[in-house]
There are 2 protein chains.
Amino acid sequence: MDAAEFRRRGKEMVDYVADYLENIEKRQVYPDVEPGYLRSLIPEEAPEEAESYEDVFKDIERVIMPGVTHWHSPYFYAYFPTANSFPAMLADMLCGAIGCIGFSWAASPACTELETVMLDWLGKMLKLPEDFLAGTEGRGGGVIQGTASEATLIALLAARSKIVKLIQADHPDRSETHIISKLVAYSSDQAHSSVERAGLIGGLRMKKIPTDNKFSVRGDALQKVLEEDRATGLIPFFFCATLGTTPSCAFDCVTELGPICNAEKIWMHIDAAYAGSAFICPEFRPLLNGIEFADSFNFNPHKWLLVNFDCSAMWVKNRSDIIGAFKMEPLYLKHDHQESGNHSHWQIPLGRRFRSLKIWFVFRMYGLKGLQAYIRKHVGLAKEFESLVRADQRFEISADVVLGLVCFRLKGSNELNETLLKRINNARKIHLVPCQLAGKFVLRFAVCARTTESRHVQEAWCHISHLASELLQELPH
Amino acid sequence: MDAAEFRRRGKEMVDYVADYLENIEKRQVYPDVEPGYLRSLIPEEAPEEAESYEDVFKDIERVIMPGVTHWHSPYFYAYFPTANSFPAMLADMLCGAIGCIGFSWAASPACTELETVMLDWLGKMLKLPEDFLAGTEGRGGGVIQGTASEATLIALLAARSKIVKLIQADHPDRSETHIISKLVAYSSDQAHSSVERAGLIGGLRMKKIPTDNKFSVRGDALQKVLEEDRATGLIPFFFCATLGTTPSCAFDCVTELGPICNAEKIWMHIDAAYAGSAFICPEFRPLLNGIEFADSFNFNPHKWLLVNFDCSAMWVKNRSDIIGAFKMEPLYLKHDHQESGNHSHWQIPLGRRFRSLKIWFVFRMYGLKGLQAYIRKHVGLAKEFESLVRADQRFEISADVVLGLVCFRLKGSNELNETLLKRINNARKIHLVPCQLAGKFVLRFAVCARTTESRHVQEAWCHISHLASELLQELPH
């Protein structure tokens, strides 16, 4: 395919994309296919000879679309949102064309520099403490990671490297292996599975701190475990606080936890993967209070800030903590401006796309006010759904509704709720996933799509309520 | 921006992208900017109000392009190539629109299934042993990672987990920490920095095996170190072989190394990040001989197989080795078809884009023959450059030219060659990076761009030769 054909096919694809997104609610949100459906629809091997673009294009509807879960349908309420906006898609087209691998400043100065400045823009939008910004002389700064999982892992590894150095400075005789065998990291018992996984990857002991009745870690709970662990000779070194947990969007109490971590020289990382986007609104910013005690902070603009995946924003107070843990510089990566920033030292992969273009396009095309309006609209829709649930005596709300997630269930057994969820998802009209809260099977209703409106939420509730009625009528009295 | 405006702006962007790539050789390959150039060109904060698309668009040329290193210019010969093709860009547009996060089968069945089948297609193109294919009943299979660094790390961690379980099965009293403290992994002294970094991340001892005069690890060199290490009580468990090293595209001798690893129960991972693409040509496939001894294999179609970054293909013989090392399944990720494939268990990030679309589009639009022709063209251009160097008595070739990389230098001191490289890069006509081979400072000429033709190579050589003449004339006799 030459540039001339790309001009034609690219424009057709732009129309296909626009058609897809404009009409997405006409598609069934969750597919009907069974596992293995796709293999029989296409050849067993790649073709020897080139095929025509027409043949490839028509297979999108024949092969791909029947197996797509439509995350951007206004009938999709599962997991948490993933962002999708037109400005981000335009920026991604440009990113693909430039196609640079930004592993050092020299590999494409614009790629490194725009990223640093965009993370400063975003940090200011969140009113992060000055320490986290790069500016022209700051010691902190931000970087784009692929996912929150990577950010947590990087923070954990940087903390590991820092504590080992700290202990070895006082006790040069203690081996790294021995120190690591004594280390212990903590997170909420509501923390995302990726936090525990980070511990597994780093070969580090990881403990879960029990949460209170709001599913939030409090200072005294951490303090208690710290004392027990110190008494047995363990070395606490890392705490991952969650702002907006995956099951119920609960918030660890970082204003209590932060001072403890600081006093005990424990690295506090804050994972606000979903909730972080909301902190650009003054009314939600208090949820981030305590950030001043943190060593690192992360959230995903690719979830709720209209920047397509992947774009996970991470800041640290001391760049040198992160860079020191991973820096490697073979000759083929050395260049004349070594100290001008090299985000590869901040992350697991060496290669990186020009992802800051998406942030730049989206922030400028929406403006701060447009982004705030978007967050508020989703929170409003969640509150609307909450009211509908609360007005129905058969149901209960299972956790405070703070942002765009509503956790709810039928009053009654877990089995009853499992059956209700199964019927909801089998009906294919809307799509939800469950969670477990204090031993209860709970349904999660997350406002996800950019195009979700009040009418969709009302319709979803009618549907749920109707299925619940059917289910309850079948039960023996 | 609504769908209607996206239709217009998207088509403009398609033209911009086509213009950029059609005329890329008119741009200076390496930018003139100094570190920090970008910050002063844009505001210090994100705008409050939305800006017009015209304003954003015109800043691409004002702010971004002056700081771009043009990786797809036919004057770019640095690092290794990164792929860029029109079919891949079309597929990426579709990927952005669907915007699913494929962390489980249910999260978008097409995303998981196409990936599995595409990795089978690609595995067949490489004539991988059947063990590495998923098929409908295989125990092996492939997955798309972001980068080779991630693939190496995943293989290392899976091997760690496997050896710990194996040892604990015989010695239930031995703690994981104790076992890990005895483990030792190996790679070539020519291996990419990311291999050493993987060891750092996993908290694992990593040793470099010395290479022979072809920069390749031989069986006896590994055997010697293994014996020494076993004698001191260490437990060898992992060897990362490189096919196509970054400095000189050297090949470890896996036909010798593989049987040793198998006999010693050492996980052999093969990293063929750059060279792997060439193995689709029958004449280069012998370079992969010995693959039958490997436990895992990885290369980057995003380097040399026309699939835009990121797309790093990894295969394992036993999926369960990888999955077992990382599996975590909270309730919100459970679904009815749990066993239907979940690539998130195979990688560091939980979220993943629909990257297999790019493979599907590219393989079909080029066909196997088209891809083979592309590889052969690049190898031919490298051979052409090699002949030019060899015909000039002032220069020497520093390593065998096997694929698309030529390592060369002026006969003489490292200082002389450093000066030559500085002059080449300062002239901004072409862009190269150096490497170190056996203590010598060497220039690397990697054929990179899709549009590089014989005339560009000839022109590059004339330029280098001219700068060398100038330099040599300045020297005292």
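The name given to chain A in an unreviewed UniProt entry is Aromatic-L-amino-acid decarboxylase, and the organism recorded there is Sinocyclocheilus grahami. Under the UniProt heading Sequence similarities (unreviewed entry), the note attached to chain A is "Belongs to the group II decarboxylase family." What the UniProt record of chain A gives under Pathway (unreviewed entry) is the line "Catecholamine biosynthesis; dopamine biosynthesis; dopamine from L-tyrosine: step 2/2."

**So, the overall build of chain A**
When its secondary structure is counted, chain A shows 14 helices and eleven strands. Against the 2.2 N^0.38 benchmark of 23 Å for 477 residues, chain A shows a C-alpha radius of gyration of 24 Å, consistent with a compact globule. When its C-alpha atoms are laid out on the principal axes, chain A stretches across 70 × 70 × 45 Å. With 477 residues in all, chain A has 67% of them scored as buried. Sequence-distant contacts, at least 24 apart, represent 73% of the contacts inside chain A between residues at least 6 apart. As displayed, chain A offers around 15900 Å² of accessible surface, 51% of which is attributable to carbon and sulfur atoms. Counting 53 positive and 59 negative side-chain charges, chain A places the centres of these two groups 4 Å from one another.

**A few points about the relation of the copies chain B and chain A**
Expressed as a screw transformation, the operator carrying chain B onto chain A has a rotation angle of 180° and an axial translation of 0.0 Å, and the superposed copies differ by an RMSD of 0.0 Å. As the rotation angle and translation indicate, the two copies are arranged about a two-fold axis. Most of the interface of chain B is mirrored in chain A, where 100% of its interface residues are also at the interface.

**Examining the pairing of strand 11 (residues 440–446) of chain A**
Two faces belong to every sheet, and in a regular strand the side chains alternate between them. All names here are of chain A. In terms of burial, strand 11 is a largely internal element, six of the seven residues being buried. With four bridges connecting them, strand 9 (residues 405–410) and strand 11 associate as antiparallel partners. By the bridge assignment for strand 11, Cys407 is matched with Arg444. Here strand 10 (residues 433–437) pairs with strand 11 via five bridges, running antiparallel. Each bridged residue has a counterpart across the sheet, and for Cys435 the counterpart in strand 11 is Val442. The antiparallel hairpin formed by strand 10 and strand 11 contains two residues in its connecting segment, where Ala438 sits at a positive phi of about 50°.

**What to know about the sheet that holds strand 7 (residues 312–316) of chain A**
All names here are of chain A. The strand order across the open sheet formed by seven strands is 1-7-6-5-4-2-3, and the pairing between neighbours is mixed. Single-partner strands in this sheet number two, and they are strand 1 (141–145) and strand 3 (205–209). Across this sheet, the average inter-strand angle for adjacent strands is 20°, counted without regard to direction. In the sheet, strand 2 (residues 183–188) pairs with strand 4 (residues 235–242) via five bridges, with the strands oriented parallel.

**Points about helix 4 (residues 109–125) of chain B**
Taking 1.5 Å per residue, 17 residues should reach 24 Å; helix 4 of chain B reaches 24 Å between its end C-alpha atoms and fits that length. For helix 4 of chain B, the tally of buried residues reaches 16 of 17 residues, placing the bulk of the element in the interior.

**What about the UniProt feature "modified residue: N6-(pyridoxal phosphate)lysine" (unreviewed entry) in chain A?**
All names here are of chain A. The UniProt record marks Lys303 with the feature "modified residue: N6-(pyridoxal phosphate)lysine" (unreviewed entry), using the residue numbering of this structure. Turning to its location among the elements, Lys303 is positioned in helix 10 (residues 301–304). Setting aside anything within four residues of it in sequence, one finds Lys303 in contact with Phe80, Pro81, Thr82, Ala83, Ala273 and Tyr274.

**Remarks on the environment of Asp15(A)**
Tracing the chain through its elements places Asp15(A) in helix 1 (residues 3–22). Owing to a relative accessible area of 23%, Asp15(A) belongs among the partly exposed residues under this scheme. Along the chain, Asp15(A) and Ile375(A) lie 360 residues apart, while their C-alpha atoms are 28 Å from each other. Sequence-distant contacts of Asp15(A), defined by excluding residues within four places in its chain, comprise Arg7(B) and Lys11(B).

**Brief notes about the pattern of salt bridges**
Overall, the coordinates contain 69 salt bridges over all chains when judged by the stated rule. The salt bridge partner of Arg364(A) is Glu51(B), with a shortest N-O separation of 2.8 Å. Remark: Glu51(B) occurs in the loop between helix 1 (3–22) and helix 2 (53–64) and Arg364(A) occurs in helix 12 (residues 356–390); the pair is interchain, linking two chains. Taking the relative accessible area as the measure of exposure, Glu51(B) reaches 22% and is therefore partly exposed. Arg423(B) is paired through a salt bridge with Glu474(B); the nearest N and O atoms lie 2.7 Å apart. With Arg423(B) in helix 13 (residues 414–427) and Glu474(B) in helix 14 (residues 454–474), the pair connects residues that are 51 residues apart, well separated along the chain. For Arg423(B), a relative accessible area of 25% puts it in the partly exposed group. In the salt-bridge network here, residues are joined through shared partners; they are Arg7(A), Lys11(A), Asp15(B), Asp19(B) and Glu22(B).

**Observations concerning the confidence of the model for chain A**
With 97% of its residues at a pLDDT of 70 or more, chain A shows a mean pLDDT of 94. Interface confidence for the predicted complex, given as ipTM, is 0.95, next to a pTM of 0.96.

**Re the side chain of Glu113(A)**
Following the sequence through the fold, Glu113(A) ends up in helix 4 (residues 109–125). Although buried, Glu113(A) forms no salt bridge, and the nearest oppositely charged side chain, Arg39(B), lies 7.1 Å from it. At 2.9 Å, the side chain of Glu113(A) forms a polar contact with the backbone nitrogen of Leu38(B). Every residue in contact with Glu113(A), bar those within four places of it in the chain, is listed here: Trp105(A), Glu34(B), Pro35(B), Gly36(B), Tyr37(B), Leu38(B) and Arg39(B).

**Some remarks on the interface of chain B and chain A**
Tallying the contact residues gives 144 residues for chain B and 144 residues for chain A. Of the roughly 12800 Å² buried between chain B and chain A on both sides combined, carbon and sulfur atoms contribute 66%. Our enumeration of links across chain B and chain A arrives at 16 salt bridges. A salt bridge links Arg7(A) to Glu22(B); its shortest N-O distance comes to 2.7 Å. There are 55 residue pairs in polar contact (both at pLDDT 80 or more) connecting chain B and chain A. Top contributing element to the side of chain B that touches chain A by residue count: helix 1 of chain B, with 16 residues. Looking at the side of chain B that touches chain A residue by residue, the class counts come to 80 nonpolar, 33 polar and 31 charged.

**A short note on the pairing of strand 5 (residues 267–271) of chain B**
Residue and element names in this part refer to chain B. Within strand 5, five of the five residues are buried, which leaves it mostly tucked inside the rest of the structure. Going residue by residue along strand 5, you find Trp267, His269 and Asp271 tucked away on one face and Met268 and Ile270 tucked away on the opposite face as well. Following the chain from strand 4 (residues 235–242) across helix 9 (residues 254–263) to the adjacent parallel strand 5, one finds a crossover that is right-handed. For strand 5 and strand 6 (residues 296–299), the ladder comprises three bridges, and the chain directions are parallel. Each residue of the ladder has a partner; that of His269, found in strand 6, is Ser296.

Calculation criteria
Residues numbered from 1 in each chain as written. Chains lettered and ligands numbered in written order. Predicted model: local features only at pLDDT ≥ 70, side-chain atom pairs only at ≥ 80, totals over all residues. Heavy atoms only, no water. UniProt positions renumbered as here; feature names shortened; annotations may be inferred. Helix = DSSP H or I, 4+ residues; strand = E, 2+ residues; numbered from the N terminus. Rg over C-alpha atoms; globule rule 2.2 N^0.38 Å. Buried < 20%, exposed > 50% of the residue type's maximum accessible area, 1.4 Å probe, protein only. Contact = heavy atoms within 4.5 Å. Areas by Shrake-Rupley, 256 points an atom, 1.4 Å probe, with all protein chains shown as cover. Lys, Arg positive; Asp, Glu negative; His and termini not counted. Charge placed at Lys NZ, Arg CZ, Asp CG, Glu CD. Least-squares fit on C-alpha atoms with pLDDT ≥ 70 in both. Pairing = 2+ DSSP bridges. Axes fitted to C-alpha atoms, helices over the stretch in contact; angles between N-to-C directions. Expected span 1.5 Å × (residues − 1). Salt bridge = Lys/Arg side-chain N within 4 Å of Asp/Glu carboxyl O. pLDDT = per-residue confidence, 0-100. Polar contact = N/O pair within 3.5 Å; in protein donor to acceptor, adjacent residues only side chain to side chain. Buried area = accessible area lost by both parts, 1.4 Å probe. Nonpolar A, V, L, I, M, F, W, Y, C, P; charged D, E, K, R; others polar. Right-handed = clockwise from strand over helix to strand, strands pointing away.

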